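Summary of structural features
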Amino acid sequence: MTALDSSAAKLDPDSLFEYRGELIGYCYRMLGSPFDAEDAVQETLERAWRSRGQFRGESSARGWLYRIATNICFDQLRGRGRRALPMGIGGPTNSDGRLGEPLSESAWLQPVPDAWLTAETNDPADHVARAETVRLAFVSALQHLSPRERSVLILRDVLAFRATEVADLLDTTVPSVNGYLRRARAALIAAKQPDGGTFPNVGESDRQTQELLERYVKAFQLQDLASLMTILHEEARLSMPPYTLWIQGVHHVLSWFDRHSSTCANSRLVPLRANGSPAYAHYHRNNNGAFTAFAIQVLDITDGRISAIEQFLAPELFELFELPATLTE
């Protein structure tokens, strides 16, 4: 068996599939869509298997897969506008604002189930740090970078590839990689949320946070505005993709809920995890008494209160979380 044959023999389907979870995380950060990320990873694994005879073992199988995935992401991003959250499109409005016309799916950053993202490291501290890089605010900021800046920053600062490895991946030089990284870091540091804040400090699954979330679920399902007032941060934000409208400030948010209580009252919230954050599947009760898929909520928690509710009004997202379209109880 030649050296070429020996290297290719190590690339069996099972060994390639082991990288699927971390490749999903990489492609999601690059593309901002779990659907696009899944397609990119599937194509990556298929290309790798078809061209396994070309793998000479000069780099790791992992690096070779990331090279393929990066090129596929670059192809997908070519000529495409960036995905965004409503805060990245226009300014806030008050509770009297109208939803207006929805934008197309391709305009929006979408949430990704935590279950899709396998650990990219065995170090608990590194795992927590990398989890921060799938938060909606961080992924939204990444979309402002050029594709090459985005890939270099993710590969170097998130996945801890060496500069020489990234240079090989991108068919460029180490000085070029370092230049891309400097520009990407500077752009990311300068990135602020439209309200002037920094990236949210999302609470972890400790007892205090769990109690806060339990109170939120009860208050939201009953549309108990007095209780919600004690749960929401003073600068709480509500957004509703695919609509550009978003609302800032607890009084405006509560006023919106009050105006639309018929939609949210007697609803059901099913707990999830998305983008490393607490999340809920929001089921709306229809006239027949059944609960139908309405929205996926992703929450931010700051200083012990809920500071953002990103409510994605896209029932098709329920399939990502393996949830039924209808609840009967």
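Here we summarise the structure given alongside this text.

Conventions and cut-offs
- Each residue is numbered by its place in its chain's sequence as written, counting from 1.
- Restriction of local features to residues with pLDDT of at least 70 applies here, the model being predicted, together with a cutoff of 80 or more for giving and counting side-chain atom pairs; totals for whole chains, interfaces and linings are based on all residues.
- Heavy atoms from the whole structure form the basis of all side-chain values; hydrogens and water molecules are not counted.
- Note on method: axes are straight lines fitted to C-alpha atoms, helices fitted across the in-contact stretch only, with angles between N-to-C directions ranging 0 to 180 degrees.
- Comment: elements are numbered from the N terminus, with helices defined as DSSP H or I runs of at least four residues and strands as E runs of at least two.
- Oblique is the label for every angle not falling under 35 degrees (roughly parallel), over 145 degrees (roughly antiparallel), or within 65 to 115 degrees (roughly perpendicular).
- Any two residues whose heavy atoms approach within 4.5 Å at even a single point are treated as in contact.
- Three categories are distinguished: nonpolar for Ala, Val, Leu, Ile, Met, Phe, Trp, Tyr, Cys and Pro, charged for Asp, Glu, Lys and Arg, and polar for the others, with Gly belonging to the last.
- Burial classification: accessible surface area is computed with a 1.4 Å probe over protein chains only, and a residue below 20% of its type maximum counts as buried, one above 50% as exposed, and the rest as partly exposed.
- In the analysis that follows, any N or O atom pair within 3.5 Å is treated as a polar contact, provided that within protein one partner can donate a hydrogen and the other can accept it, and provided that, for residues neighboring in sequence, both atoms belong to side chains.
- DSSP-based pairing: two strands are paired if at least 2 bridges between them are found.
- What a helix is expected to span follows from its residue count: subtract one and scale by 1.5 Å.
- Working definition: the arc comes from the directions between the helix axis and the C-beta atoms, pointing outward to the latter.

**Focus on the packing of helix H8 (residues 147-158) against helix H10 (residues 174-190)**
For the pair H8 and H10, interaxial distance at closest approach is 8 Å and the crossing angle is 95°. As judged from the angle between their axes, H8 and H10 are roughly perpendicular. On H10, the residues that touch Arg148, Glu149, Val152, Leu153, Arg156 and Asp157 of H8 are Val177, Tyr180, Leu181, Arg183, Ala184, Arg185 and Leu188. Broken down by class, the residue content of the contact of H8 with H10 amounts to seven nonpolar, no polar and six charged.

**So, the side chain of Gln223**
Residue position: Gln223 is located in the loop between helix H11 (207-222) and helix H12 (225-231). Looking at Gln223, the relative accessible area reads 10%, which means it is buried. At 2.9 Å, the side chain of Gln223 forms a polar contact with the backbone oxygen of Phe220.

**A look at the pairing of strand S6 (residues 305-312)**
In terms of burial, S6 is a largely internal element, seven of the eight residues being buried. The pairing of strand S1 (residues 232-239) with S6 spans four bridges and is parallel. Bridge pairing in S6 links Arg237 to Ala308. The pairing of strand S5 (residues 291-302) with S6 spans seven bridges and is classified as antiparallel. If you follow Val298 over to S6, its bridge partner there is Glu310. A loop of two residues connects S5 with S6, the two strands running antiparallel in sequence, and Asp303 in this loop sits at a positive phi of about 55°.

**Some thoughts on H8**
Helix length check: H8 (12 residues) gives 15 Å between terminal C-alpha atoms against 16 Å at 1.5 Å per residue, within 8%. If you check which residues of H8 are buried, you get Glu149, Arg150, Ser151, Val152, Leu153, Ile154, Leu155 and Val158. Ala160 occupies a position one or two residues after H8 and carries a positive phi of about 60°.

**What to know about helix H13 (residues 250-259)**
Where H13 is concerned, the buried positions are Val250, Val253, Leu254, Trp256 and Phe257. Down the axis of H13, the buried set is contained in an arc of 155°. They therefore lie on one face. Against the buried residues of H13 lie H11, H12, S1, strand S2 (246-248), helix H14 (261-264) and S6.

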